[in-house]
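Here is what each chain is made of, one letter per residue.
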Amino acid sequence: MKIVYTDVLVVGGGLAGLRVAVGVRRRGLDALVLSLVPPKRSHSAAAQGGMQASLANTTKGEGDNEDVHFEDTVRGSDWGADQPVVRMFVNTAPKAVRELAAWGVPWSRVRKGDREVIINGQRVTLTESEAAHGLLAQRDFGGTRKWRTCYVSDGTGHAMLYAVGDQAIAHGVPVHERKEALALLRDADRCCGAVVRDLATGELVAYVSRATVIATGGAGRLYRVTTNAVICEGMGAALALETGVVALGNMEAVQFHPTGIFPAGILVTEGCRGDGGLLRDAAGHRFMPDYEPEKKELASRDVVSRRMAEHIRKGHGAPSRFGPHLWLDITQLGRAHIDRNLREVKEICRYFLGVDPAEAWIPVHPAQHYTMGGIRTRHSGESPTLRGLFSAGEAACWDLHGFNRLGGNSVAETVVAGMIVGEFVADFCQGPGGEISIPTALVRDAVAAQQAALDALLGGGTESADAIRVEMQQVMTDRVGIFRDGASLTLAVEALEALLLRSRRIGVRSNAPGPNPELVTAYRVQRMLKVALCIACGALAREESRGAHFREDFPRRDDAHWLQRTLATWPDPAATRPTLAYEPLQVESMELPPGWRGYGERNHIEHPQTPARAASVEAARAIPGLHRYDLQRELMAYRHLLPPSLQGDNERLGEPLR
Amino acid sequence: MSAPRQIRLNVFRHNPQDPASTPHLQTYLVEEAPGMTLFLALSELRERQDPSLAFDFVCRAGICGSCGMVVNGRPRLACRTLTQELPAEITLLPLPAFALIADLSVDSGSWMRAMTERLQAWLHAADPAPDLSRLEARMDPDLADQIYELDRCIECGCCVAACGTVQMRHDFVGAVGLNKIARFGLDPRDTRSDAEFYDLVGGDEGVFGCMTLLACHDVCPKELPLQTQIAFLRRRMLRAGA
C-alpha cells in the first residue's frame, strides 16, 4: 500500500485551493495539491468579467467602500448570507486584489481624462481623475450600486489563476495532477487525509494529512445545460457528504446565468451588460426595463434570468431549431471596446457561433452557472462536525452568497477565502489539535473499501453509467431549474431516487488497466446523484422563494418561516434521500435586517423580529458624528473573526488610513 | 434540407498501461449535427460507441488549453473546432512532444511545470509581501494591456507540438517559454535584469535554439505575437550576452 504524507492536503487545484496552499507554505507547513487536471486548466480560468473589490478608483466607483459592498452582497443573497462572513469578505477583497497586483496580474488600469461609455443604452462621457491614473480600474456589474468590478480585459480568472499558480510553483508546492480523491480518511471525528485514485494509471494511493481542504468548485454538470467546465461535477461535496457527518448547506440555491450562448451554454460575461449591452427579444424589443425599471439588465442574476425565462414563456423568445432564446446586443459598444475589453467574448462568438458581436446579436439563454450551496463550514472554513476538514471557494458554504451570488463575487471569494482559510488551516496544524496518529490498518481498510467499490462496478452489472448520467442531467434541467413547484420537484426526487438505485447496478464494459473513462463516469455518477438529491430534496422542502430558488407555488420570500439554512447529511449509505435539518439565521444580530432588495418582487413575509432589529439599527445610524467604522462595530462586530494579518482597514484615494 | 454528413473520424488509439495495446488508428462514423465541435463529436462517440476512448476536455470554451490535438495534421484546440470547417474525413492524433497518457490524452501539465521551474517563470517582485492595506502601485494603462496580451497564453502546448526545434532538442523551452520570459521582461514589477534573463534563455535550449520556422506563431490559438516576441527577445539577449 502506497501512502503519501503531508501536513495539508488540498483537494482541488483552482484559485481557492492554490491560494490556501501558498498561505500554509508561507506559515512553514508542507502543502500538497491534488488536481483532476493541470491546475492552470481549472474552471477558475473561465471567470471572465472580473473580481469585486471596493477600491473606488473610477468616477463611477466614487463613494464605494466595504459598507456598500457588504449591503450589495447581502441584498444579492436575499438575506440568506452569513453577515459576519460577508463583512470578512468585503474587508479582505481589496487586500486580495492588491496582493494579486503585486504577484503580477496585469489588471486593467484607470486612464485619466474623458472617455465615452454606454450607460442604459446612452452614450455618456466620463472623466477620470488625474489622481486615479494608473490605479486599478473597475467596471459595472449586476446588483451593485457602484462600479466595483476589477478586471483584466475579460480574461480575469485566467490572469489570476496563472499568477497564483505561478506563486504556488515559486513556493515549491507540489501539485499531483490527474489525481482524484474518492473518500476522506477518517478516524472517528477526525479527518486525516483521503483515498486517491490516479486517473492515468488507475492506482489507489492513500494521502495522510493533518488537515484536509476541499476546494473542488461547483457542481454544474449535474445539469444538462451549464456554463461549467466538464470537471465541475460536485465531487468535493460528495466526498464530504459520504462521511455521513458533514453537512452540505443550502444545496437548493443554484444560480442560472442570464447569458449562456445558445444552445451550447458557454458563458459570455456579465461584463457585456455591465459595459452597456442590452437584452432583446424576438421582435428586437429591449424588455428588461418593462420588468425591472430600476436596475434593468443589471438587476441580480437570479432576477434577470427569471425575467428572461418569464419573457420566453410569454412567447417572446426568438425561435430556433433548438427552441426559443433571447438576444444579447453589444453592437453599440463598438468594435474598439470589444477588441480591448471583451476579447474572449469575441473569440467565443467567432468560434462557436460564427458571429461577429460588433455587428450581430448573440443568441443567449439562461444556463446553470453557480453552486451557492456547499460544504457547511464555520467562518474559518473548518467543518463544525469533522475536525481537520476545511473547505474554501465554490465548494464551501461559509456562507457568503446565501441564495444568490453577485457577479464578480465568486472569483473574489476564491482568493479571499484562500487567504483567510489558509491562515486558519495553519493555525489548526500548529495548535493543540494539529497532530494525528492514525493506524495503518485504518488506512488499509479505507483503501480496500474503495477498491471493492470499483471492483463491484467492473463486476457485470447491467446498467449504463452514461445513460444514467444523461437522465439525471435532464431531470435536473427540466424540474430543478429556474421555475420550481412542489409537484414537479416531487417527480424529480422520485426520478433521482430511481436513478440512484439503478446506479448501484452499473456494469462497466471495459476493465483495461490505466485510464478507464467509463469507470470514472460510473463512480462519479453514483456520487453526483446523491448531490443532486440534496438539491432536489432541499428545493422541495423549502416552501418559499428566495434568491435563485423560485417556487411558483410559494412565490413570496418567507422570512417568518424560512430564514434558515438547509443542512443536508447522508448518514445511511443505503438511503435514497438525504436527511434535512435547519439552522436559523439570527435577525437580532444582523447588521442589515431583512427588507426589499431594491430589485425583483417586493412582497416578502416579514420575520417577527425584523421591526425591532431595524429600529435599533436605525437608532444607531442616527447617532451623529459616528465614524463609519465605529458605527459598523456597534452594529455587528466582526474583525476579531479575521486572522490578525487581515484585520486592517483599506486605503482609498478619497479615504486615507486612520 | 440535405441529409446530415457522415464523418469518418480516424482516432489514434494506444493505452501504454496495457501490455496488449499497440498504437493504431481506429475509425468511427459519426453523424454531423449543426454546430458540432470536436468536443461534441468525441463526447457523443464515447457516450454511444466507445466508452474506453481517452481524451481531455475541461472548459470546452477555448479558454483552458486542455484539448490541444493534431487535427488533420495541424495542432489546434479541439473544443472550438467546428466539424463543418473540416472535410468529412478527420484524423485526430495526440500532440507530439508530450508524454502520452492514452489515446488523445497527453501529459502537458508536467512539461509546463518543469518549464516554469527551469525558467523561474513567475513574477520576481521587489517586495513579494507588500502592505496590502495601502493603495496599489500604479501602472501605465497601455503597458498593462501589453502585458496582458502576452499573459493570454493558455499553455495548451500547440506551439511546442508544432515546433521544429523541439523535434531535435528535447530541452528546448518552446515559444511558450520564450513568451513567458518576454512577458516578465516587459513587466516593470519584475526586478530581473536582462543579464539574469540571459542566464535563463541565452543558450540553444532557449532563444538561440529557435530556427525561426515559426509554426508556433501560425498555430497559436490565442494568436499571440510569438514571431515578434521571439525576434525582440533574441535581439535583447544578444545585447545582454555581448
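Reference entry: report on the structure contained in this document. Owing to the predicted nature of the structure, the values given are computational and were not obtained by experimental measurement.

1. Overview of the overall build of chain A
Right, so step 1: From N to C terminus, chain A includes 18 helices and 21 strands.
Right, so step 2: Considered along the principal axes of its C-alpha atoms, chain A spans approximately 70 × 60 × 50 Å.
Right, so step 3: The 658 residues of chain A split such that 68% are buried.
Right, so step 4: For chain A, the exposed surface amounts to about 20500 Å²; the carbon and sulfur share of it is 52%.
Right, so step 5: Taken together, the 76 basic and 77 acidic charged side chains of chain A have centroids lying 2 Å from each other.

2. Regarding the interface of chain A and chain B
Right, so step 1: The interface of chain A with chain B comprises 86 residues on the first partner and 75 residues on the second.
Right, so step 2: Here chain A meets chain B over a buried area of about 6400 Å², counting both sides, of which 52% is carbon and sulfur.
Right, so step 3: Here chain A is connected to chain B by 13 salt bridges.
Right, so step 4: Of the charged contacts in the structure, one is a salt bridge between Lys222 of chain B and Glu344 of chain A, with a shortest N-O distance of 3.2 Å.
Right, so step 5: Elements supplying a minimum of two residues to the side of chain A that touches chain B: helix H3 (83–102), helix H4 (156–170), strand E8 (175–177), helix H10 (343–353), helix H13 (465–479) and helix H15 (517–541) of chain A.

3. Brief notes about the packing of aromatic side chains
Between two aromatic rings, the relevant description is the distance of the centres plus the angle of the planes.
Residue and element names in this part refer to chain B.
Right, so step 1: A complete count under the given rule lists 9 aromatic pairs over all chains for this structure.
Right, so step 2: Between Phe39 and Phe57, the ring centres sit 5.0 Å apart and the planes meet at 70°, which makes this aromatic pair edge-to-face. Here Phe39, found in helix H1 (residues 38–48), pairs with Phe57, found in the loop between H1 and strand E3 (68–71); they are 18 residues apart in sequence, far enough to count as distant.
Right, so step 3: Here Phe57 falls in the buried class, since its relative accessible area comes to 8%.
Right, so step 4: Ring centres of Phe55 and Phe57 lie 5.4 Å apart, and the angle between their planes is 65°; on these two criteria the pair is classed as edge-to-face.

4. Quick word on the pairing of strand E20 (residues 564–569) of chain A
All names here are of chain A.
Right, so step 1: Buried residues dominate E20, accounting for 5 of its 6 residues.
Right, so step 2: Looking at chain direction, strand E12 (residues 248–249) and E20 are connected through 2 bridges and run antiparallel. Looking at the pairing, Gly249 lines up with Leu567 of E20.
Right, so step 3: Both E20 and strand E21 (residues 579–584) contribute to a ladder of 6 bridges, which runs antiparallel. Bridging across to E21, Gln564 finds its partner in Pro584.

5. A few points about empty space enclosed by the protein
Right, so step 1: By the definition in use, this model includes 15 cavities of 30 Å³ or more.
Right, so step 2: The calculated volume of the second largest cavity comes to roughly 170 Å³.
Right, so step 3: Around the second largest cavity sit 15 residues that line it, and Pro39, Lys40, Ile169 and Glu177 of chain A together with Glu155 of chain B are the ones nearest its centre.
Right, so step 4: Secondary structure elements with two or more residues in the lining of the second largest cavity: H4 and E8 of chain A together with helix H2 (108–119) of chain B.
Right, so step 5: Looking at the lining of the second largest cavity element by element, the count peaks at 4 residues for H2 of chain B.
Right, so step 6: Looking at side-chain class alone, the lining of the second largest cavity contains 7 nonpolar, 3 polar and 5 charged residues.

6. A short note on the pattern of salt bridges
Residue and element names in this part refer to chain A.
Right, so step 1: This structure, assessed with the given rule, holds 95 salt bridges over all chains.
Right, so step 2: One salt bridge connects Asp7 with Arg210, and the closest N-O pair in it is separated by 3.0 Å. With a gap of 203 residues between them, Asp7 in strand E1 (residues 3–11) and Arg210 in strand E11 (residues 204–214) connect regions that are remote in the sequence. The two residues Asp7 and Arg210 agree in class, both being buried.
Right, so step 3: The closest approach of N and O atoms between Arg577 and Glu497, which form a salt bridge, is 3.1 Å. Here the residue Arg577 occupies a position in the loop between E20 and E21, and Glu497 occupies one in helix H14 (residues 486–503), the gap between them amounting to 80 residues.
Right, so step 4: Looking at Arg577, the relative accessible area reads 39%, which means it is partly exposed.

7. Things to note about the nonpolar core
Most often, soluble globular proteins keep nonpolar side chains buried together rather than apart.
Right, so step 1: Met51 and Trp107 of chain A together with Leu9 and Leu92 of chain B are the most contacted members of the largest nonpolar core, which totals 146 residues.
Right, so step 2: Looking at which element gives the most residues to this core, the answer is helix H11 (residues 409–430) of chain A, with 13 residues.
Right, so step 3: Among residues more than four places away in sequence, those in contact with Leu9 of chain B are Gln26, Thr27, Tyr28, Val30, Leu38, Ala41, Leu45, Ile90 and Leu92 of chain B.
Right, so step 4: With 80 residues, the next largest nonpolar core counts Leu32, Leu454, Val480 and Ile535 of chain A among its residues.

8. Some thoughts on the pairing of strand E1 (residues 6–13) of chain B
Residue and element names in this part refer to chain B.
Right, so step 1: The buried count for E1 comes to 6 of 8 residues, which makes it a mostly enclosed element.
Right, so step 2: As paired elements, E1 and strand E2 (residues 24–31) share 8 bridges and run antiparallel to each other. Paired with Val11 across the strands is Gln26, a residue of E2.
Right, so step 3: As defined by bridge partners, E1 adjoins strand E5 (residues 89–93) across 4 bridges and the pair is classed as parallel. Within the sheet, the bridge partner assigned to Val11 lies in E5 and is Leu92.

9. Description of the sheet that holds strand E17 (residues 374–376) of chain A
Within a sheet, each strand pairs with its neighbour through backbone hydrogen bonds, oriented either parallel or antiparallel.
Residue and element names in this part refer to chain A.
Right, so step 1: Spatially, the 5 strands line up as an open sheet ordered E19-E17-E12-E20-E21, and their pairing is mixed. Two strands close off the open sheet at either side, each with one partner strand: strand E19 (396–397) and E21.
Right, so step 2: Relative to E17, E12 is paired through 2 bridges, and the arrangement is antiparallel. Opposite Leu248, over in E17, you have Ile375 as the bridge partner.

10. Re the packing of helix H7 (residues 194–201) of chain B against helix H9 (residues 226–241) of chain B
Residues and elements named next belong to chain B.
Right, so step 1: Packing of H7 against H9 brings their axes to within 9 Å, and their N-to-C directions diverge by 110°. Relative to H9, H7 is oriented roughly perpendicular. For the pair formed by H7 and H9, the contact residues are Asp194, Ala195, Phe197, Tyr198 and Val201 on the first element and Leu233, Arg236, Met237, Ala240 and Gly241 on the second.
Right, so step 2: Class assignment of the residues belonging to the contact of H7 with H9 gives a composition of 7 nonpolar, 1 polar and 2 charged.

11. With respect to the sheet that holds strand E7 (residues 149–150) of chain A
Residues and elements named next belong to chain A.
Right, so step 1: The 3 strands lie next to each other as E3-E7-E6, forming an open sheet whose pairing is antiparallel. Among the strands making up the open sheet, the edge pair consists of strand E3 (51–52) and strand E6 (138–139).
Right, so step 2: When E6 meets E7, the two strands line up antiparallel, connected through 2 bridges. The partner of Arg139 across the bridge, within E7, is Thr149.

12. Notes on the environment of Gly654 of chain A
Right, so step 1: Secondary-structure assignment places Gly654 of chain A in the segment after helix H18 (628–635).
Right, so step 2: Remark: the alpha-carbon pair of Gly654 of chain A and Asp64 of chain A, spanning 590 residues in sequence, is separated by 9.9 Å.

13. Structural notes on helix H1 (residues 15–26) of chain A
Residues and elements named next belong to chain A.
Right, so step 1: With 12 residues, H1 should cover 16 Å at 1.5 Å per step; its first-to-last C-alpha distance of 17 Å lies within 8% of that length.
Right, so step 2: Most of H1 is tucked away: 10 of the 12 residues are buried.
Right, so step 3: Taken together, the buried positions of H1 are Leu15, Ala16, Gly17, Leu18, Arg19, Val20, Ala21, Val22, Gly23 and Val24.
Right, so step 4: Against the buried residues of H1 lie E1, strand E2 (31–35), H3, H4, E11 and H11.

14. Re helix H2 (residues 66–76) of chain A
Residue and element names in this part refer to chain A.
Right, so step 1: Most of H2 sits out of view: 10 of its 11 residues are buried.
Right, so step 2: Within the sequence span of H2, burial applies to Glu66, Asp67, Val68, His69, Phe70, Glu71, Asp72, Thr73, Val74 and Gly76.
Right, so step 3: In this structure, the buried side of H2 is in contact with E3, H3, H11, helix H17 (610–621) and H18.
Right, so step 4: A distance of 2.8 Å separates the backbone nitrogen of Asp67 from a side-chain oxygen at the start of H2, and that oxygen is part of Asn65.
Right, so step 5: The first or second residue beyond H2 is Asp78, which carries a positive phi of 55°.

What counts, and where the lines are drawn
Residue positions within a chain follow its written sequence, with the count starting from 1. Chains and ligands are labelled sequentially in the order written, the chains with letters from A and the ligands with numbers from 1. Owing to the predicted nature of the model, reporting of local features is limited to residues with pLDDT of at least 70; listing and counting of side-chain atom pairs is limited to 80 or more, with chain, interface and lining totals taken over all residues. With hydrogens and water excluded, all non-hydrogen atoms of the structure serve as input to the side-chain values. Numbered from the N terminus, helices here are DSSP runs of H or I no shorter than four residues, and strands are runs of E no shorter than two. Buried residues are those whose accessible area, probed at 1.4 Å on protein chains only, stays under 20% of the maximum for their type, while exposed residues exceed 50% and partly exposed ones sit between those limits. Where accessible areas are quoted, they stem from the Shrake-Rupley method and a 1.4 Å probe; at the residue level, only the protein chains shown are allowed to cover. Charged residues are defined narrowly, with Lys and Arg counted positive, Asp and Glu counted negative, and His plus the chain ends left uncounted. Note that the charge is assigned to NZ on lysines, CZ on arginines, CG on aspartates and CD on glutamates. Residue contacts follow a heavy-atom distance rule, with two residues in contact if any of their heavy atoms lie within 4.5 Å. Accessible area, probed at 1.4 Å, shrinks when two parts are joined; the buried area is that loss added up over both. Salt bridges are counted wherever a side-chain nitrogen of Lys or Arg sits within 4 Å of a carboxyl oxygen of Asp or Glu. Centre distance within 6.5 Å is the pairing criterion for rings of Phe, Tyr and Trp, where only the six-membered ring of Trp is used; planes under 30 degrees apart are then read as stacked, over 60 as edge-to-face, and the remainder as tilted. A pair of strands is labelled paired if DSSP reports no fewer than 2 bridges between them. Cavity means a closed set of points on a 1 Å grid over the protein atoms alone, one where a 1.4 Å probe fits but cannot get out, pocket means an open set with protein on both sides within 12 Å along at least 5 of 7 lines, and lining means a residue has an atom within 4 Å of a point. Grid points are joined across faces, edges and corners, and a volume is the space filled by probe spheres set on the points. Classification convention: Asp, Glu, Lys, Arg as charged; Ala, Val, Leu, Ile, Met, Phe, Trp, Tyr, Cys, Pro as nonpolar; all other residues, Gly among them, as polar. Only buried residues count toward a nonpolar core, which is a set of Ala, Val, Leu, Ile, Met, Phe, Trp, Tyr and Cys residues joined through side-chain atoms within 4.5 Å. With axes taken as lines fitted to C-alpha atoms, and helix axes fitted only over the stretch in contact, angles between N-to-C directions fall between 0 and 180 degrees. These descriptions rest on fixed angle ranges, namely under 35 degrees for roughly parallel, over 145 for roughly antiparallel, 65 to 115 for roughly perpendicular, and the rest for oblique. Multiplying one less than the number of residues by 1.5 Å gives the expected span of a helix. Polar contact criterion, stated in full: a pair of N or O atoms within 3.5 Å, where within protein one must be able to donate a hydrogen and the other to accept it, and residues adjacent in sequence count only if both atoms are side-chain atoms.

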